[in-house]
Amino acid sequence: MTLPKRYNAKEAEPKWQDFWNSRGIFKYDRNSSKPVYSIDTPPPTVSGMIHMGHIFSYVQAEVMARYHRMKGMEVYYPFCFDDNGLPSERFTEQQKKVRAQDMTRSEFVELCLEVTKDAEDMFRDLWTRFGFSCDWDLLYTTIDPWVQRISQRSFLDLNKKGFVYRKESPTLWCPECQTAVAQAETEDRESASVFHDLEFPLADGSGKIIIATTRPELLPACVAIFINPSDERWKHLLGKMAIVPVYNHNVEILADFRVDMEKGSGIVMCCTFGDTTDIEWWQEYDLDLRIVLDNRGHMNATAGFLEGMYWKKARKVLVQKLNDEGFRKGGEDIQHVLNVHERCGTPLEYLVNMQWFVSILDKKDELIRRGNEVNWYPPYFKVRYEHWVENLKWDWCISRQRFYGVPFPVWFCENCNEPVFAREENLPVDPLEDEPEGPCPSCGGSAFRPESDVMDTWATSSLTPQINAKWGEKDEMEGLLPMSLRPQAHDIIRTWAFYTITKAHLHSDSIPWKDIMISGHALNPSREKMSKSKGNIAGDPLVALDRYSADELRYWSCSSKLGNDVLFSEDVLGDGRRLVTKLWNATRFAVSRFEDFDRELRTDLKPFDRWILSRFTRAARNATSGMDQYEYSVCIRDGEHFFWKALCDNYLEIAKKRLYSDDTPDEKHSAQYALYHVLYGTLRLFAPVIVHITEELYQAVFRENEGHESLHLAPWPEPDYMDETALKYGDMALQIIEKARRFKSEANLSMAAPLNSIEISAPSEDLIELITFEDDLLSVTRAETINWSEGQNLSVRIVNTE
RNA sequence: GGGCGAUUAGCUCAGGUGGCUAGAGUGCUUGCUUGACAUGCAAGAGGUCACUGGUUCAAGUCCAGUAUCGCCCA
């Protein structure tokens, strides 16, 4: 058998992708008796461009799927899409040039489904071309009716357990668009403003204080005054009351470290609500709620004589009055940053709405304990989780005043205003279109008002383990929970990982998965995280696939330690090509020497053959322990080092003469045996990462003997051959070869040039062992003779008289 | 402002529990058509391990601080 001179990845890769797909190589068998290894695949949002950063982290998880499959486990590796929620909503609005609030929710959802379907087809094609071994029969999308049912079931379960409550809470609101706005839809805009110095009298008559503010129209909403606890100037004010000018209500003076002592007078007023700090203070200090703006940005009755005015006019009128009454002591023109709605540029307000919450603040200790039950790779990321949980200040707000998402399965009774929950057997429901079954359980009323809010996407995506297990469904999968692995990037530890742990804890008093592997980001050439919103995407995977093979890009994805961010650079993307080519050539050579190889025949192994087998065992053990820690880079690094240095540069040259000669069949067979096993083992070490070239070589060379349908179904190499003596003296014999090579290099001679003799001296106990390597040493160095003698240390002298 | 991480050769990165002249790939220099591979082989040059202190017989490695960069949160 012979292999062609060159390997053509462009032809081979689609060929093997079709092979795996048509043979169902990666199908999950739920009746298998093998232990299950399940992966909680991250559902990418379909809205955006996919870039090499995504590929980078998905490859890292995919490699682990292949590794565990080879380790003999039944791998559950689904794919999925997060197609509901704000990103899809905005994507659809952009694609279709519509506004969600101009149509009914179901009409808009139809549009979203249409748009996301196209994106999903593109994803599937891309994933296939990167050689991903997921089982597409396990596909789910977060907008699937049955997924919505699990999401609503989760809500009902939390409610039944008493973990859900409703409370008024501030949300970002655009007065122009008349809609709730998510943080992701805002942008900062620099604008001119005035810092007004206002005078507040102290209630006990002991003096007056000056407060600087850019929002005087919020004066009627003032509920407290804050100073910094370490500000010596104002310590004496603590606990006193101040009188709000014009409105004349009293507010307390409190201390909080968030006050910026450098800004204005170092005294700040807290209004409901000017900014996020106001919201935090309002929450933490349990302050009054004084709402002065309506949802169109006009002042309400609480603002007294300003009622009905748009805030801009109200500001002008109030400043005039403050001036007239002597409360305004001055002002300073400044430039500051405003949070505005990116679509219309209108400054955003905080509006107070009823929101649904899940109580988690009272469960911090339990959640930290759960975090400890999970194995974190790399371990230091657990600290981020712990600090996040320790510093939680709010319960989890799961409601959004949006359109495209999972609806709350809830109505409100028009008579008694109590919430009416859907029955589980009727899920999923859309209260905007469905009616509750039967009358109101509280008062018997029969008229209902639907809950129009939808759930936050995290409320659904935190259920991916339950979705995979089809929790509560007819075809629920027994024993899939907790899952084996959650792969994800470090930027969403505080959201996705945290909420998933929370849900598993609340629903089933357990952890969602045993292991979590946290990957880094691909950074663009200016060392920033690549993201669509920043517009700094450097790598289009389709372009990359055009220029590099999937194996090369996968190699790049696995080139750094788990958790490290890695620089995306054209310079290093092609590094994997060397290895692919070298594997091809080495195997091409080996296969040409295997023609008369009898696998069944047993022979005594020659010293260098024992050496290379032992070296392989050592490399395979390192690779395995790396993989068990999710360190694919160790596997690649140690595997490549073994393959290139030990096997190709040295062993193949050493064994060449024996492999070509038919005069000494035992010596030849011994080399064939070692080469066959070491090469087959090496292919398997590389199989999880460079998936196509290894399959190509396996099918061409090893399939017939080994019998596995695919290399990716072959067992992971766990060799136990270890000959410590051969290892030690083989390495020593290598030093002799290096000496000969250096001699030739320094003399500008070809490596094939003959040498007269090599004079070797060594202690007698070493000599006995080294002499056994003599035949191979002669052939690889092209020396005519080797003269051995006893000496203190190993010393090697090359003699060449030309 | 807080949390976490990073800072090692021109470039991209390795360097568990401190221990002989700090490693790899790439790039650079020189040589070599070696019965697989010039997409190769051999040899060579190249580093005050960000900075300042400290612990120690011994610090790239441990501790404290400083600087710069990144991510997340505020």
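Criteria and thresholds
In this numbering scheme, every chain counts its residues from 1 along its sequence in written order. All chains are assigned letters beginning with A, and all ligands numbers beginning with 1, in the order in which they are written. Where local features are concerned, this predicted model is filtered to residues with pLDDT of at least 70; where side-chain atom pairs are given and counted, the filter is 80 or more; whole-chain, interface and lining totals use all residues. Here the side-chain values reflect all heavy atoms present in the structure, with hydrogen atoms and water set aside. Orientation is described by lines fitted to C-alpha atoms, with helices fitted over the stretch in contact, and by angles between N-to-C directions that extend from 0 to 180 degrees. Numbering of helices and strands runs from the N terminus; a helix is a DSSP stretch of H or I covering at least four residues, while a strand is a stretch of E covering at least two. Note that the term roughly parallel is reserved for angles under 35 degrees, roughly antiparallel for angles over 145, roughly perpendicular for angles of 65 to 115, and oblique for everything else. Pairs of residues are marked as contacts when any of their non-hydrogen atoms sit within 4.5 Å. Throughout this entry, Asp, Glu, Lys and Arg are counted as charged residues, while Ala, Val, Leu, Ile, Met, Phe, Trp, Tyr, Cys and Pro are counted as nonpolar. The remaining residues, Gly among them, count as polar. Where each domain begins and ends is defined by an automated method or by a domain database. For each residue, the test is whether any non-hydrogen atom lies within 4 Å of the molecule or strand; if one does, the residue is near. Side-chain atoms alone can form a polar contact between residues adjacent in sequence; in general such a contact is a pair of N or O atoms within 3.5 Å, and within protein one must be able to donate a hydrogen while the other accepts it. Grid spacing is 1 Å over the protein atoms alone, the probe is 1.4 Å, and a cavity is where that probe fits but cannot get out, while a pocket is an open set with protein on both sides within 12 Å along at least five of seven lines and lining residues have an atom within 4 Å of a point. Grid points are joined across faces, edges and corners, and a volume is the space filled by probe spheres set on the points. Here the nonpolar core consists of buried residues drawn from Ala, Val, Leu, Ile, Met, Phe, Trp, Tyr and Cys, with membership extended through side-chain atoms lying within 4.5 Å. Between buried and exposed lies partly exposed: a residue is buried under 20% and exposed over 50% of the maximum accessible area for its type, with that area taken using a 1.4 Å probe on protein chains only. Any carboxyl oxygen of Asp or Glu that lies within 4 Å of a side-chain nitrogen of Lys or Arg is treated as forming a salt bridge with it. For a helix, the expected span equals 1.5 Å multiplied by the number of residues minus one. Any two strands are treated as partners once DSSP identifies two or more bridges connecting them. By convention, the crossing between two helices is left-handed when the near helix turns anticlockwise from the far helix through less than a right angle, and right-handed when the turn is clockwise.

Student: Let's hear about the packing of helix α1 (residues 9–23) against helix α20 (residues 691–706): which residues, and what values?
Tutor: Where α1 meets α20, the axes come as close as 9 Å, and the angle between the chain directions of the two elements is 75°. Classified by the interaxial angle, the pair formed by α1 and α20 is roughly perpendicular. Together, Ala12, Glu13, Lys15, Trp16, Gln17, Phe19 and Trp20 of α1 and Val691, His692, Glu695, Glu696, Gln699 and Arg703 of α20 make up the contact between the two elements. The class makeup of the residues in the contact of α1 with α20 is five nonpolar, three polar and five charged.

Student: Describe the domain arrangement of chain A, with residues and values.
Tutor: Splitting chain A by domain gives domain 1 (32–156 + 460–567), domain 2 (179–351), domain 3 (409–452), domain 4 (574–722) and domain 5 (726–799). When each unit is reduced to the centre of its C-alpha atoms, the spacing between domain 3 and domain 4 is 67 Å.

Student: Explain the protein's contact with RNA strand B residue by residue, including any values.
Tutor: As a matter of local geometry, RNA strand B sits amid 41 residues, with Arg6, Glu280, Asn564, Trp644 and Tyr660 nearest to it. Here Arg384 contributes a side-chain N or O atom positioned 3.5 Å from a base oxygen of RNA strand B. Here a base nitrogen of RNA strand B sits 3.4 Å away from a polar atom, N or O, in the main chain of Ala586. Secondary structure elements with two or more residues in the surface near RNA strand B: α9 (381–390), α16 (575–592), α18 (632–660) and α21 (724–746). Of the residues forming the surface near RNA strand B, the biggest block, nine residues, is contributed by α18. Here the residues of the surface near RNA strand B sort into 11 nonpolar, eight polar and 22 charged.

Student: Kindly report on the layout of surface pockets, identifying the contributing residues and their values.
Tutor: Of the pockets and cavities examined, the second largest pocket occupies roughly 1100 Å³. Around the second largest pocket sit 39 residues that line it, and Thr214, Arg215, Lys263, Gly274 and Asp275 are the ones nearest its centre. At the level of elements, β7 (186–201), β8 (208–213), β12 (267–271), α6 (276–284), α7 (311–324), β13 (328–341) and β14 (349–358) are the ones that each hand at least two residues to the lining of the second largest pocket. Of the residues in the lining of the second largest pocket, the class split is 19 nonpolar, 11 polar and nine charged.

Student: Please give an account of the nonpolar core that cites residues and values.
Tutor: Counting 133 residues, the largest nonpolar core has Trp127, Phe130, Ile612, Phe642, Phe643, Leu647 and Tyr651 as the members making the most contacts within it. Of the residues forming this core, the biggest block, 14 residues, is contributed by α18. For Ile612, the contacting residues outside a window of four places in its chain are Phe642, Ala646, Leu647, Tyr651, Ala674 and Val678. Core analysis: the second largest hydrophobic core is formed by 49 residues, Ala422, Met455, Met483 and Trp513 among them.

Student: Any chance you could break down the pattern of salt bridges for me, citing the residues and the numbers?
Tutor: Summed over all chains, the structure comprises 43 salt bridges. Lys208 is paired through a salt bridge with Glu199; the nearest N and O atoms lie 4.0 Å apart. In this structure Lys208 comes out as exposed when scored by relative accessible area, which is 59%. We classify Glu199 as buried; its relative accessible area is 14%. Close ionic contact of Arg423 with Glu437 constitutes a salt bridge, the shortest N to O distance being 2.8 Å. Here the residue Arg423 occupies a position in the loop between β19 (419–421) and β20 (448–450), and Glu437 occupies one in the loop between β19 and β20, the gap between them amounting to 14 residues. Overall, the relative accessible area of 44% leaves Arg423 in the partly exposed class. Overall, Glu437 belongs to the partly exposed group, its relative accessible area being 45%.

Student: Tell me what's going on with helix α4 (residues 105–129), and back it up with residues and numbers.
Tutor: Between its first and last C-alpha atoms α4 spans 36 Å; for 25 residues at 1.5 Å apiece the expected length is 36 Å, and the two agree. Buried residues of α4: Arg105, Phe108, Leu111, Cys112, Val115, Thr116, Ala119, Glu120, Phe123, Leu126 and Trp127, and no others. Just past α4, the residue Gly131 takes up positive phi, approximately 75°.

Student: Can you tell me about the sheet that holds strand β11 (residues 250–255), naming the residues and giving the values?
Tutor: Read across the open sheet, the four strands follow the order β10-β11-β9-β12; overall the sheet is mixed. Where the open sheet ends on each side, the last strands, each with one partner, are β10 (241–243) and β12. Strand after strand, the sheet turns through a mean of 35° between neighbouring axes, direction not considered. With four bridges connecting them, strand β9 (residues 222–227) and β11 associate as parallel partners. Considered in β11, the bridge of Ile227 is made with Ala255.

Student: If you had to explain unusual backbone geometry to someone new, which residues and values would you point to?
Tutor: A cis amide bond, omega 0°, links Thr272 with the succeeding residue Phe273. For Phe273, the position within the fold is in the loop between β12 and α6. Geometrically, the link from Tyr377 to Pro378 is a cis peptide bond, its omega value of -10° lying close to zero. Within the secondary structure, Pro378 sits in the loop between β15 (375–377) and α9. At Asn248, a residue that is not glycine, the phi angle is positive and equals roughly 60°. One non-glycine residue, Lys470, lies in the positive phi region at around 50°. Relative to the helices and strands, Lys470 resides in the loop between α11 (464–468) and β22 (483–489).

Student: Describe the packing of α16 against helix α19 (residues 665–686), listing the residues and the values that go with them.
Tutor: At their nearest, the axes of α16 and α19 sit 11 Å apart, and the two run at 155° to each other. Taken together, the axes of α16 and α19 are roughly antiparallel relative to one another. As α16 packs across α19, the resulting crossing turns out to be left-handed. Mapping the contact onto sequence places Leu579, Leu583, Thr587 and Ala590 in α16 and Leu675, Leu679, Leu683 and Phe686 in α19. Considering only residue class, the contact of α16 with α19 consists of seven nonpolar, one polar and no charged.

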